[in-house]
Amino acid sequence: MASGTPAYAGASCGITGCSSEVNDSAYSATAQKNWCTSGGGTGDLTATKPTCTVDNVQQTTYFLSSGGGHTPYKEDWDVLQIDAGWCYKVHFIVDFGSDFTKTYDRRGTSAAYVKVSDNADAHVQAQSTSGCP
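Notes on the state of the cysteines
Okay, step 1: Counted under the stated rule, the structure contains two disulfides.
Okay, step 2: Shown here is the disulfide that connects Cys36 with Cys52, its sulfur atoms set 2.0 Å apart. For the disulfide bridge between Cys36 and Cys52, the dihedral angle about the S-S bond is near -85°, and by the sign convention the bridge is left-handed. Here Cys36, found in the loop between strand S2 (29-32) and strand S3 (45-46), pairs with Cys52, found in the loop between S3 and strand S4 (61-64); they are 16 residues apart in sequence, far enough to count as distant. For the pair shown, Cys36 and Cys52 are each scored as buried.
Okay, step 3: Across the disulfide from Cys87 sits Cys132; the S-S distance is 2.1 Å. Here the S-S torsion is close to 105°, and the disulfide linking Cys87 with Cys132 is therefore right-handed. You can see Cys87 sitting in strand S7 (residues 87-94) and its partner Cys132 sitting in the segment after strand S10 (120-128), a full 45 residues away along the chain.
Okay, step 4: Residue classification places Cys132 among the partly exposed positions, given a relative accessible area of 37%.

This is the structure we're talking about:
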């Protein structure tokens, strides 16, 4: 989407903090800078690849190395990419809310993009192509 209202306050960290992604799994993962659809909350997903520019910040991809890769500190990263053909187990740590874990099964289908709100961190706990962890 090239235009539209983003679902967060901007390309910088909000009053509740920055959103971030951490990869605790044995395989690499990918984060995206901007969530490009209006609405939604932490853990929601879309199959539409985010391509928007927000607050003059173009969409950027960040690769998370296995075993602890982390998006840059004090930067706002709003999207975790779930790769096509993979199943991911993701634990969300939510400031001022309840933590929760979700499984995203994209085996046999396209990639998906998961929202991570400014008050949350997404931790990829495990990934697999043969089954869901």
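Let's pick the thread back up.
Brief notes about the packing of aromatic side chains
Okay, step 1: Counting across every chain of the model gives three aromatic pairs.
Okay, step 2: On the numbers, 5.4 Å between centres and 55° between planes, the contact of Tyr62 with Trp77 is tilted. Taken together, the residues span a long stretch of sequence, with Tyr62 in strand S4 and Trp77 in the loop between strand S5 (69-70) and strand S6 (79-82) at a distance of 15 residues.
Okay, step 3: What makes Tyr62 partly exposed here is its relative accessible area of 29%.
Okay, step 4: Residue classification places Trp77 among the buried positions, given a relative accessible area of 3%.
Okay, step 5: Judged by centre distance (4.9 Å) and plane angle (25°), the rings of Phe92 and Phe100 are stacked.

The rules behind these values
- Residues numbered from 1 in each chain as written.
- Predicted model: local features only at pLDDT ≥ 70, side-chain atom pairs only at ≥ 80, totals over all residues.
- Heavy atoms only, no water.
- Disulfide = S-S within 2.5 Å.
- Helix = DSSP H or I, 4+ residues; strand = E, 2+ residues; numbered from the N terminus.
- Buried < 20%, exposed > 50% of the residue type's maximum accessible area, 1.4 Å probe, protein only.
- Phe/Tyr/Trp six-rings, centres within 6.5 Å; stacked < 30°, edge-to-face > 60°.

No statement about biological role is implied by the geometric values presented.
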